[in-house]
Amino acid sequence: MPGIGVQGGGCVVGGEGHESPAAAVFDALGSDYEKAFASSSAHRASLNWLLERLSPGSTVLDVGSGTGRPTAAALAGAGHRVLGVDVSPVMVEIAARQVPEAEFRCEDVRRMPLPEGSYDAVCVYFALLQMNRAEQTELVRRLAAAVRPGGLLVLATVPLDVEEFDGVFMGRPVRVTSFAAQDVTALVREAGLTVEREESTMFTPSHPQARPEPHLFLHCRRGER
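Per-chain numbering applies: the sequence of each chain, read as written, is numbered from 1 onward. Local features in this predicted model are restricted to residues whose pLDDT is 70 or higher, and side-chain atom pairs enter the listing and the counts only when it is 80 or higher, whereas totals over whole chains, interfaces and linings include all residues. Just so you know, side-chain values use all the structure's heavy atoms and leave hydrogens and water out.

## Regarding the overall build of the chain
Quick note on the threshold: A run of H or I in DSSP counts as a helix once it spans at least four residues, and a run of E counts as a strand once it spans at least two, with each numbered from the N terminus. Partly exposed residues are those whose accessible area sits between 20% and 50% of the maximum for their type, while under 20% is buried and over 50% is exposed, using a 1.4 Å probe and protein chains only. Residue contacts are defined here by distance: any two heavy atoms, one from each residue, within 4.5 Å place the two residues in contact. For accessible areas, the Shrake-Rupley method is used with a probe of radius 1.4 Å. Any residue's cover is judged against the shown protein chains and nothing else.
Of regular secondary structure, the chain possesses 7 helices and 11 strands. Taken over 225 residues, the chain has a buried fraction of 52%. Expressed as a percentage of contacts within the chain between residues at least 6 apart in sequence, the contacts between residues at least 24 apart total 67%. When the accessible surface of the chain is summed, it comes to about 10200 Å², and 49% of that surface belongs to carbon and sulfur atoms.

## Digging into the nonpolar core
Note the cut-off: Here the nonpolar core consists of buried residues drawn from Ala, Val, Leu, Ile, Met, Phe, Trp, Tyr and Cys, with membership extended through side-chain atoms lying within 4.5 Å.
Leu-61, Val-122 and Leu-143 are the most contacted members of the largest nonpolar core, which totals 30 residues. Looking at this core, the elements with two or more residues in it are β3 (59-63), β4 (81-86), β6 (119-125), α6 (133-146), β7 (147-157), α7 (181-190), β10 (193-203) and β11 (213-222). Counting residues per element, this core draws most heavily on α6, at 5 residues. If you look at the next biggest cluster of nonpolar residues, it comprises 25 residues, including Val-60, Val-82, Cys-123 and Val-154.

## Points about unusual backbone geometry
Backbone torsion omega between Arg-69 and Pro-70 reads 5 degrees, so that peptide bond is classified as cis. For Pro-70, the location among the structural elements is in the loop between β3 and α4 (71-77). The backbone of Phe-126 sits at a positive phi, close to 60 degrees, despite the residue not being glycine. For Glu-164, which is not glycine, the phi torsion reads 55 degrees and is therefore positive. Its location among the elements puts Glu-164 in the loop between β7 and β8 (165-169).

## Here's the deal with the packing of aromatic side chains
For any two aromatic rings, the description comes down to two numbers: the centre-to-centre distance and the angle of the planes. What counts is decided by this rule: For Phe, Tyr and Trp, where Trp contributes only its six-membered ring, two rings pair if their centres lie within 6.5 Å, and the inter-plane angle classes them as stacked under 30 degrees, edge-to-face over 60, or tilted in between. Consider the ring centre and the ring normal. A charge sits over the ring if Lys NZ or Arg CZ is within 6 Å of that centre and within 35 degrees of that normal.
Taken as a whole and assessed by the stated rule, the structure comprises 2 aromatic pairs. With a centroid separation of 6.2 Å and an interplanar angle of 55 degrees, the aromatic rings of Tyr-125 and Phe-217 are classed as tilted. Pair noted here: Tyr-125 is in strand β6 and Phe-217 is in strand β11, with a separation of 92 residues, a long-range link. Taking the relative accessible area as the measure of exposure, Tyr-125 reaches 5% and is therefore buried. Classification of Phe-217 by relative accessible area gives buried; the value is 0%. For the pair Phe-126 and Phe-217, a centre-to-centre distance of 5.8 Å together with 90 degrees between the ring planes defines the contact as edge-to-face. Taken together, the residues span a long stretch of sequence, with Phe-126 in the loop between β6 and α6 and Phe-217 in strand β11 at a distance of 91 residues. On the accessibility criterion, Phe-126 (14% relative accessible area) is buried. Ring pairs connect the aromatic residues Tyr-125, Phe-126 and Phe-217, which therefore count as one cluster. One residue, Arg-133, lies across the ring of Phe-179, its end atom 5.0 Å from the ring centre.

## A short note on the confidence of the model for the chain
Just so we agree on the cut-off: Confidence of the predictor at the level of single residues is captured by pLDDT, which takes values from 0 to 100.
Per-residue pLDDT for the chain has a mean of 86; in total, 83% of the residues score no lower than 70. Across residues 1-18, where pLDDT falls below 50, the model places 34 contacts with residues more than four positions away in sequence or in other chains.

## Looking at the environment of Arg-211
Here Arg-211 shows up in the loop between β10 and β11. Once you skip the residues sitting within four places of it in the chain, Arg-211 turns out to touch Phe-203, Thr-204 and Pro-205.

## Section: the pattern of salt bridges
Counted only if it meets this: For salt bridges, the criterion is a side-chain nitrogen of Lys or Arg within 4 Å of an Asp or Glu carboxyl oxygen.
Across all of its chains, the model carries 14 salt bridges by this definition. Two residues, Arg-111 and Asp-108, come together in a salt bridge whose shortest N-O distance is 2.6 Å. Between Arg-133 and Asp-161 there is a salt bridge; the shortest N-O distance is 2.7 Å. On the criterion of sequence distance, the pair formed by Arg-133 in helix α6 and Asp-161 in the loop between β7 and β8 is long-range, its members being 28 residues apart.

## Quick notes on the sheet that holds β10
The condition that has to hold: If DSSP finds at least two bridges between two strands, the strands pair. Between N-to-C directions, angles cover 0 to 180 degrees, with each direction set by a line fitted to C-alpha atoms, over the stretch in contact for helices.
Strand order across the open sheet formed by 7 strands is β5-β4-β3-β6-β7-β11-β10, with mixed pairing between neighbours. Only two strands of the sheet have a single neighbouring strand rather than two, namely β5 (103-106) and β10. Each strand axis lies, on average, 15 degrees off the axis of its neighbour in the sheet, ignoring direction. With 4 bridges joining them, β3 and β6 adopt parallel strand pairing. Following the sheet pairing, Val-63 is matched in β6 by Val-124. Sitting on the sheet, helix α3 (residues 41-53) touches β6, β7, β10 and β11, and the angle it makes with β11 is about 5 degrees.

Pasting the structure below:
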């Protein structure tokens, strides 16, 4: 894949031998991330919304697939063909072990080919927050185009108006960029998607160093041609 390789078991972004900051964070968190977010009823409700609308044997791209649970596990368990991509080699290894019926790749989705109309659905659960705004905008546009006409895209994020904010996530330093809720909604609409369902909630991860955080789930459909 252009711009990404594997050295010593880790993804190398940009061909320069520098580990992605996101990969470093999630390599360190590993299974703790799954445990911290396992109780998210909003995430499971979002998956149920998607599962109720997918045709049997649909092809789904899971961006930022993490440990494979709950997203890839729920989709693959329902008989769908799932490709999970994540910049963290630790997460990819865990996911491949936990959800062997899905396929996982250590990829930087920003550099990954996304052919027009190649997926029945795309999931983007909290995978944008360590990208800058230009990267997020471009990626949402490309992911929307990668969904077949009439297909589905589900996006979840932390809807805060922050850019290059240095914070702490589960005890790890992170640099976060996001959009306010109305701007996230505008972003997906400008990419050619119709928002069919929206849910906002507050969630506190099950981790001693976690704080309550707002979550926004957008359930979208690409227009028919």
